[in-house]
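Summary of the model geometry
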Amino acid sequence: MTPTKPIPEGYWQDAAGNLVPESKIKDIDKLRHQTVTELCEAAKVRSAQLNDFKDNSMGDVSAFIETSLEQYGVKYGGNKGNVTLTSFDGRYQVVRQIQDRLSFDERLQAAKELIDECVVTWSAGVNDNIRALVNHAFQVDKEGKVSVSRILALRSIKISDPQWQKAMEAIADSMHAVGSKPYIRFYERNADGRYESINLDIARVS
C-alpha cells in the first residue's frame, strides 16, 4: 500500500487528491466534511462493536449447546446446524442459522438448453409465461453470476414433462456448496404473543 503523503499545513486535500488552500474552502464545506467524517468514524466504531457482539453471541450459543449435549455424552464442535433457544419465561428467543453458499458448474448450461427445448415444444400460450420465468432465472449479475434463489425456484415448479425433469436433475447435479455463512437473530415476544425481531440494522430502525 502506497504511504499517504503528508498534507501541508494550511491546505486540505479534495476527493481528486488536489491540495486546496484552507482559506479558499467555504465554511459550509468544512462543516459538511466535519459532520460526515465524525458520523462515519462513529459508524465504524459501532460496526466493529457489532462484529464483536456477533462473534461473542455465536460463541455463547455454541458453548451452551455443547454444555447441553454433554449430559447425553455427545461431543459437539463448531457452528453446525440451525437452532432456536428460548428463555424460560418465553419472552426472548435467539435463532442461529447456518446458510450454505451455493454455486453452479457447467451443467447448469445443460439445464438451460433442456429447459429451452421444453419451452419450444409446449403450447404457444404457455411459452411466453414460462420463457419469461426461465430468462429471469438465468439472468446474471454484474459479476456474471446467476441468482441461486431464482434457479432453485425453477425446481419448485411441478412439471411432469420428462425433458423438464431431466433439466431439474441437471440443476441438482450442478450445485455445489462453496461455504457457509452463520446468522444469529434475536426476538422478543410482543403483547400479541408473536416474536418480533430485535433490530440491529440501523437502516431499518424506525
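Below or above, wherever it landed, is the structure these notes cover. (Residues numbered from 1 in each chain as written. Predicted model: local features only at pLDDT ≥ 70, side-chain atom pairs only at ≥ 80, totals over all residues. Heavy atoms only, no water.)

As a further point, take the environment of A132. Its location among the elements puts A132 in helix α3 (residues 124-137). Along the sequence, A132 and P182 sit 50 residues apart, while their C-alpha atoms lie 34 Å from each other. (Helix = DSSP H or I, 4+ residues; strand = E, 2+ residues; numbered from the N terminus.)

Strand order in this open sheet of 4 strands is β3-β4-β5-β6, and the pairing throughout is antiparallel. Of all strands in the sheet, those with a lone pairing partner are β3 (83-86) and β6 (195-197), marking the two edges. Between one strand and the next, the sheet's axes are offset by a mean angle of 30°, whatever the strand orientation. Where β3 lies against strand β4 (residues 92-104), 4 bridges are found, and the strand directions are antiparallel. Considered in β4, the bridge of V83 is made with R96. Against the sheet, helix α4 (residues 148-155) makes contact with β4 and β5 (175-189), and its axis sits at roughly 85° relative to β4, the strand it touches most. (Pairing = 2+ DSSP bridges. Axes fitted to C-alpha atoms, helices over the stretch in contact; angles between N-to-C directions. Contact = heavy atoms within 4.5 Å.)

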